[in-house]
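So you can see what is in the structure, the chains are spelled out below.
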Amino acid sequence: MSSAPTALPRVLSGIQPTADSFHFGNYLGALRQWVSFQDDFEPFFFIADLHAISVSHDPKKLADRTLVSAAQLIAMGIDPERSAIFAQSHLPEHAELAWILNSLTSFGEARRMTQFKDKSAKDGEGSASIGLLTYPILQAADILLYRPQYVPVGEDQRQHLELTRDLAQRFNHRYKKTFRLPEPYILKSTAKILDLQQPSNKMSKSGSSPNGIIDLLDDPAVSAKKIRTAVTDSDSVVRFDEAEKPGVSNLLTIYSALTGRTIEELVASYDGRGYGDFKADLAEVVVDFVTPFRDRTRELLDDRAELDAVLKGGAERAREVASRTLADVYERVGFLRAQA
Ligand code: TRP
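Everything numeric here is computed off the predicted structure, so don't read it as measured data.

The rules behind each value
Residues numbered from 1 in each chain as written. Predicted model: local features only at pLDDT ≥ 70, side-chain atom pairs only at ≥ 80, totals over all residues. Heavy atoms only, no water. Helix = DSSP H or I, 4+ residues; strand = E, 2+ residues; numbered from the N terminus. Rg over C-alpha atoms; globule rule 2.2 N^0.38 Å. Buried < 20%, exposed > 50% of the residue type's maximum accessible area, 1.4 Å probe, protein only. Contact = heavy atoms within 4.5 Å. Areas by Shrake-Rupley, 256 points an atom, 1.4 Å probe, with all protein chains shown as cover. Lys, Arg positive; Asp, Glu negative; His and termini not counted. Charge placed at Lys NZ, Arg CZ, Asp CG, Glu CD. Near = heavy atom within 4 Å. Polar contact = N/O pair within 3.5 Å; in protein donor to acceptor, adjacent residues only side chain to side chain. Nonpolar A, V, L, I, M, F, W, Y, C, P; charged D, E, K, R; others polar. Core = buried A, V, L, I, M, F, W, Y, C linked by side-chain atoms within 4.5 Å. Axes fitted to C-alpha atoms, helices over the stretch in contact; angles between N-to-C directions. Parallel < 35°, antiparallel > 145°, perpendicular 65-115°, else oblique. Left-handed = near helix turned anticlockwise from the far one by under 90°. Salt bridge = Lys/Arg side-chain N within 4 Å of Asp/Glu carboxyl O. Arc of directions from axis to C-beta. Pairing = 2+ DSSP bridges. Phe/Tyr/Trp six-rings, centres within 6.5 Å; stacked < 30°, edge-to-face > 60°.

### Focus on the overall build of the protein
Right, on to step 1. Tallying secondary structure elements over the protein gives 13 helices and 5 strands in all.
Right, on to step 2. For a compact globule of 340 residues, the expected C-alpha radius of gyration is about 20 Å, and the protein comes in at 21 Å, within 12% of that figure.
Right, on to step 3. The C-alpha extent of the protein, read off along each of the three principal axes, is 75 × 45 × 40 Å.
Right, on to step 4. Buried positions account for 49% of the 340 residues belonging to the protein.
Right, on to step 5. Pairs at least 24 apart in sequence give 76% of the contacts found in the protein among residues at least 6 apart.
Right, on to step 6. For the protein, the computed accessible surface area is about 16300 Å², with 50% contributed by carbon and sulfur atoms.
Right, on to step 7. Each charge class in the protein was averaged separately, 41 positive and 47 negative side chains, and the resulting centres sit 5 Å apart.

Take a look at the structure:
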């Protein structure tokens, strides 16, 4: 594994290990784009395990989920030779920079974040953890440490990226130019994959019923059935119309994303054929996609030593960059330099 400095611009993103499997919403909305950045960028991709404890979590599952997440990233095409893949908690720099950025963020600014408002609404703001409140500030630290050009994420992360840019600018202005202003990279067409049973909601681990969500590591036969029983509408015309036909439009989006065929082309090919054929074909496309993915993920999980080595190598590459940024920050903030 080479860690020679490269001249390529950087790209960085993270995903939380909050489930036993990623789902189609994660994959088509965000993760899929990570793969294509590897040709022209120096990528840093990490598992956000620090973020995962900002809401209640099961400590017995977290480490396994971190490993399964890493295996899935590799199975979907993130190549450890080209990309640094690592666990966020392996780099104390993330939490260290977050502390400094906490001091630059106002309480009101943090509290206005819609994700905080949504997630804290359930049990009331007063009982939400401070970790949930400062979640986007840790995310800003994750990003700014690496000075990336792009941050590929789903639509729901746009506001956190705006906060990240604000904090970068504030730090640069107050101290000295240190951080690069990162740009969000959000795929318009698949930014939001919807729940198969309730196509008014997005597909999400917290909000979807089991039949509304397709996990990448599900039994492929189960996933096929979920497609065949997805909620559509009563007119039986395969047509893209998000307002009138959210269920069918969502299936078309998934179909198009998995096959690379355009929506128009798909609509034309199902002209006069009804939903039965359409869903059966899509079910097959889904099975053909998830079957090898699942096999590959399992294979990777069977070689634990190799997976550990990948994460170790990824953390080393990440540390080279992150520790340098953090040293600049410490100096600029005015901390007494520790003697070696
Ligand atoms: N908050 C992101 C999500 O839920 C995960 C994340 C954490 C992240 N740190 C990040 C994404 C840094 C991009 C960059 O999807």
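### Here we look at the site of the ligand
Right, on to step 1. Among the 14 residues in the neighbourhood of the ligand, the closest are listed as Gly14, Tyr135, Gln139, Asp142 and Gln157.
Right, on to step 2. One nitrogen or oxygen atom from the side chain of Gln139 is found 3.0 Å from a nitrogen atom belonging to the ligand.
Right, on to step 3. Within the side chain of Gln157, one N or O atom sits 3.0 Å away from a nitrogen atom of the ligand.
Right, on to step 4. For the shell around the ligand, the class distribution of residues is 7 nonpolar, 6 polar and 1 charged.

### A short note on the nonpolar core
Right, on to step 1. Within the largest apolar cluster, 53 residues are counted, with the highest numbers of intra-cluster contacts made by Phe24 and Leu73.
Right, on to step 2. Top contributing element to this core by residue count: helix α12 (residues 274-302), with 9 residues.
Right, on to step 3. Leave out the neighbours within four places in its chain, and Phe24 touches Gly29, Ile193, Met203, Ile214, Leu216, Ile254, Leu258, Val286, Phe289 and Val290.
Right, on to step 4. If you look at the next biggest cluster of nonpolar residues, it comprises 40 residues, including Leu12, Leu91, Ile137 and Ala322.

### Structural notes on the packing of helix α6 (residues 114-121) against helix α7 (residues 130-144)
Right, on to step 1. One way to put it is that α6 packs onto α7 with a least axis distance of 9 Å and a crossing angle of 160 degrees. The orientation of α6 relative to α7 falls into the category roughly antiparallel. Helix-helix and strand crossings are classified by hand; for α6 and α7 the assignment is right-handed. On α7, the residues that touch Gln115, Phe116, Lys119 and Ser120 of α6 are Leu132, Leu133 and Tyr135.
Right, on to step 2. Here the contact of α6 with α7 is composed, by residue class, of 4 nonpolar, 2 polar and 1 charged.

### Remarks on the pattern of salt bridges
Any two side chains of opposite charge can pair, on the condition that their charged atoms come close.
Right, on to step 1. For the structure on display, the rule yields 19 salt bridges.
Right, on to step 2. Note that Arg82 is salt-bridged to Asp39, the shortest N-O span being 2.8 Å. With a gap of 43 residues between them, Arg82 in the loop between α3 (59-75) and β3 (84-87) and Asp39 in the loop between α1 (24-36) and β2 (42-47) connect regions that are remote in the sequence.
Right, on to step 3. We classify Asp39 as exposed; its relative accessible area is 54%.
Right, on to step 4. Residues Arg273 and Asp277 are paired through a salt bridge, measuring 3.2 Å at the closest nitrogen-oxygen approach.
Right, on to step 5. Residue Arg273 is classed as partly exposed on the basis of its relative accessible area, which comes to 38%.
Right, on to step 6. In this structure, a network of salt bridges that share partners links the residues Asp39, Asp79 and Arg82.

### As for α6
Right, on to step 1. Those residues of α6 lying buried are Gln115, Phe116 and Ser120. The buried residues of α6 occupy an angular sector of 115 degrees when projected down its axis, which confines them to one face. α6 presents Asp118 and Ala121 as exposed residues on the side facing more than 90 degrees away from its buried surface.
Right, on to step 2. The inward-facing, buried residues of α6 contact α5 (107-111), α7 and α8 (158-174).

### Overview of the environment of Lys61
Right, on to step 1. Structurally, Lys61 is set in helix α3.
Right, on to step 2. Spatially, the C-alpha atoms of Lys61 and Ala19 are 8.9 Å apart, while their sequence positions differ by 42 residues.

### Remarks on the pairing of β3
Right, on to step 1. Of the two faces of β3, the one lined by Ala84 and Phe86 and the one lined by Ile85 and Ala87 are each fully buried.
Right, on to step 2. Alignment of β2 against β3, held across 4 bridges, turns out to be parallel. Looking at β3, one finds that Phe45 is bridged to Ile85.

### Re the packing of aromatic side chains
Right, on to step 1. Summed over all chains, the structure comprises 18 aromatic pairs.
Right, on to step 2. With centroids separated by 4.6 Å and ring planes inclined at 10 degrees, the aromatic side chains of Trp34 and Phe45 adopt a geometry described as stacked. Here Trp34 is found in helix α1, whereas its partner Phe45 is found in strand β2, with 11 residues between them in sequence. Here Trp34 and Phe45 have matching classes, each one buried.
Right, on to step 3. Ring geometry for Tyr330 and Phe335: centres 4.9 Å apart, planes at 80 degrees, overall edge-to-face.

### As for the environment of Gln16
Right, on to step 1. Position of Gln16 relative to the elements: it lies in the loop between β1 (10-15) and α1.
Right, on to step 2. Residues Gln16 and Asp49, 33 residues apart in the sequence, show an inter-C-alpha distance of 6.0 Å.
Right, on to step 3. With residues up to four places along the chain from it excluded, the contact list for Gln16 reads Phe22, Ala48, His51, Ala52, Lys119 and Tyr135.
Right, on to step 4. A polar contact of 2.7 Å, which involves the side chain of Gln16, links it to the side chain of Tyr135.

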